[in-house]
Each structure stands twice: as structure tokens, then as C-alpha cells.
Amino acid sequence: MTTQQVVFEQIATKLSFDIDGMVIHHATLQTKNEDRTTIFEFEHGTMISIFDGHLTSEVSEHASQNLPQAIAGRISADISQTDIPHIMKTAIEEFDKSLLLNFTKLFDDGEDFSDKKWDARSEIYKVVGYQGDQTFTDARLAIVGSTALIAYIKSAKTHVWVASLGDSDAVCGRLQGDKWVPIILSSSHNTNNPEEVRRIEQEHPGETNFFKYDRLLGWLGVTRALGDFQLKAPYSLGSRGLGWLYRAPVPPIMWSDWKEEGHINMPYMSSTPDVQCHELLPGDMLVFGSLGLRDALPPSLTPVQCWIS
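Numbers given to residues run from 1 along each chain, matching the order in which its sequence is written. Reporting in this predicted model follows two pLDDT cut-offs: at least 70 for local features of residues, and 80 or more for side-chain atom pairs to be given and counted; totals over whole chains, interfaces and linings ignore these cut-offs and use all residues. With hydrogens and water excluded, all non-hydrogen atoms of the structure serve as input to the side-chain values.

(A) Region of the structure containing the environment of Arg 199. Its place among the elements puts Arg 199 in helix 6 (residues 194-203). Counting along the chain gives 69 residues from Arg 199 to Tyr 268, while the straight-line C-alpha distance between them is 9.9 Å. Residue contacts follow a heavy-atom distance rule, with two residues in contact if any of their heavy atoms lie within 4.5 Å. Here Arg 199 is in contact with Thr 223, Arg 224 and Ser 270, once residues within four sequence places are set aside. Where helices and strands are cited, they refer to DSSP runs of H or I of at least four residues and of E of at least two residues respectively, numbered from the N terminus.

(B) Seen up close, empty space enclosed by the protein. With a 1 Å grid laid over protein atoms only, a set of points is called a cavity when a 1.4 Å probe fits there but cannot get out and a pocket when it is open yet has protein on both sides within 12 Å along at least five of seven lines; lining residues have an atom within 4 Å of a point. Grid points are joined across faces, edges and corners, and a volume is the space filled by probe spheres set on the points. For the coordinates displayed, the defined rule picks out one cavity of 30 Å³ or more. Quantified by volume, the largest cavity comes out at close to 30 Å³. What lines the largest cavity is simply Ile 143, Trp 219, Asp 228, Gln 230, Leu 231, Pro 249 and Val 250. Along the lines of polarity and charge, the residues of the lining of the largest cavity split into five nonpolar, one polar and one charged. Three classes are used, and their members are as follows: Ala, Val, Leu, Ile, Met, Phe, Trp, Tyr, Cys and Pro are nonpolar, Asp, Glu, Lys and Arg are charged, and the others, Gly among them, are polar.

(C) Focus on the side chain of His 189. The residue His 189 is located in the loop between strand 8 (179-184) and helix 6 in this model. In this structure His 189 touches Ser 164, Leu 165, Gly 166, Glu 196, Gly 221, Val 222, Thr 223, Arg 224 and Asp 274, once residues within four positions along its chain are discounted.

(D) A look at the pairing of strand 7 (residues 169-176). Of all eight residues in strand 7, six are buried, a share of seventy percent or more. Here a strand pair is declared whenever DSSP counts at least two bridges between the two strands. Note that strand 7 and strand 13 (residues 285-289) share five bridges and pair antiparallel. Following the sheet pairing, Asp 169 is matched in strand 13 by Gly 289. Linking strand 7 to strand 8, which pair antiparallel, is a turn of two residues; within it Gly 177 sits at a positive phi near 70 degrees. To sort residues, take the accessible area from a 1.4 Å probe on protein chains only and compare it with the maximum for the residue type: under 20% means buried, over 50% means exposed, and anything in between is partly exposed.

(E) Geometry of the sheet that holds strand 7. Spatially, the three strands line up as an open sheet ordered 8-7-13, and their pairing is antiparallel. Because the sheet does not close on itself, it has two edges, and the strands there are strand 8 and strand 13. On average, adjacent strands in this sheet sit at an angle of 25 degrees to one another, irrespective of strand direction. In this analysis, axes come from line fits to C-alpha atoms, helices being fitted only over the stretch in contact, and the angle between any two N-to-C directions falls in the range 0 to 180 degrees.

(F) A look at unusual backbone geometry. The residue after Tyr 246, namely Arg 247, is reached through a cis peptide bond having omega -20 degrees. Looking at where Arg 247 falls in the secondary structure, it is placed in the loop between helix 7 (235-241) and helix 8 (252-261).

(G) Spatial organisation of the pattern of salt bridges. By definition here, a salt bridge exists when the distance from a side-chain nitrogen of Lys or Arg to a carboxyl oxygen of Asp or Glu is within 4 Å. Considering all chains together, one arrives at 13 salt bridges under this definition. Salt-bridge contacts for Arg 36 lead to Glu 61; the nearest nitrogen and oxygen are separated by 2.5 Å. Of this pair, Arg 36 sits in strand 3 (residues 35-42) while Glu 61 sits in helix 2 (residues 58-72), and the two are 25 residues apart along the sequence. Classification of Arg 36 by relative accessible area gives partly exposed; the value is 22%. Here Asp 274 ties to Arg 224 by a salt bridge, and the two come within 3.6 Å at their closest N and O atoms. With Asp 274 in strand 12 (residues 274-279) and Arg 224 in the loop between strand 10 (215-216) and strand 11 (226-227), this residue pair connects regions lying 50 residues apart in the sequence. Among the residues examined, Asp 274 registers a relative accessible area of 26% and is labelled partly exposed.

Here you go:
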């Protein structure tokens, strides 16, 4: 065992239970962290979700309590299987937009945050309130963020749909002969993914140096997530309006660096998930884990090798 694996065995809380013949084993760290996991059973199947917050647990907590239920509420008996990816994608994007709406709805429509009056934080606080006020707490959901991995397993257990934003993992283990073969069910949205690098470069022609220290604009390692509207909203809104929501993740010096380098054409972060559908066979084993699980595995392994027994 690696050192990380030994520590995990010592401090992890483990649960096992059955949902309509599907055995679920759930392990989480007892220590305070930003991860939130939900297992939500409803009429048409089971939703298993992992939200890995970065910097704080504000968005991961909020998403875990609301997003799986929002997706489940759109799934009905007469929905075609081919419609489910669109349903999941739309629900996730609308949920993400609601995080920014918590802030913008407090201001006049079309508010111009490039106006110099917003240079004073006191003007923002007059509108959004202060720490401890519910309006302030809700508004902060726009500036912090979380990855999302949401799996919908149909009641018949014949298919699983996996929506991913960020770098959590979903893997199907299938026994072939005497060996378990891993099937990757999720997409990895980070600066190590060449497809994500190309996407961002194509969306911002003429700009360069998007990635520093393996992080998007030198800030976050993921390229898709919930929240993080300082990397999504117009520059003036992100730097002035959202920038006063103490503590805003992006420091003032970084806004100056971005402007000097020409990185003012938000969005750079995306909230559009990849949604994959996979057939399930009897005996298949599904593994869902946040980045912390993969980090506990030997770093020399490729994403596929990580899951080979």
C-alpha cells in the first residue's frame, strides 16, 4: 500500500447498503473537506453524484442538495434514452446559471460594472449585504466552485449515463475471463487534456499563454466546473462586482496580469458537461471517485492503468 492508501484506511468512513438489488459501497474521509457525495433513489432509477469543491465546500454542498433532484425531476417514464444526455446537460447548465443569478438579480438589469462607482466595495455591500446575510451567502456561490460527476443508473440497470465537469472519475469494471477490464465512463476536464487545451485556444483566437503551472490562467487546474464565475462572467463583472465578495478567490493582482496579457474575453471556464451513455452487463462494477481517490494511486500510472486490478 502507498502512504496515502494507508492513511485512507485509517480515517475513512465506510458504508454498504442495497438499493433494489444493487449493492453500493460508499467510503468518505472523516476529516473536514470540500467533497460531497449523494446517492439519490427515485422512481426511474438511482442518481449517484460527487461534487468536489475547490477552496470551499459552498458550491459542492449547495449542488449536492439540489442538482441531482433537479435532474431526476426531468426524467419520466416516457422519456427516450436518446433524450437523457440533453436533459442532464440542460439541467446542469441551468443550475450553473442560477449561481450567478443569485448575485445579478440584486442589481438593475444590464448593470454596467465598468462604472467607477463599483470601485468602492461599500457600494456593492449596500446591495448584496454583508457576511452573515443570506443575500451575501447566496451571492458567494457565483465566485467559488466545484467539479461535478453525476451518474444516472436506469431502474432496469441496463444503462448508465455519466455527466462530468472537471476531473472526477467514473469507471466500469467488467470481468473478462479472470481479469477485470476498466472502461472509462467520464471525461477529464483539466489542463492535461489536449482536447480541452485545443477547445480553449479555438474559443479565444489570437490569445496565448492560457496555462501556467498546469492551471487555467494560472488559477485552477480544471477547465470545466460549476460556479467560478470570475472565469466565466464579463471581465468588469468578475473583477469589480464579484471581486468584492469577501473572500473572492481571484486576487486583484491576477486581474491586472490577465488584462496585461489580453485575457479579458471571458468565459475561459465552461459549465457544459460531457455526457456519456454506457450499456451495463450483469456483474459490472461501477467506481466513482473524486480526484483524491486517484491521487492515492501511484502517480506514474496512466488513467486506464489506475483502474487495472
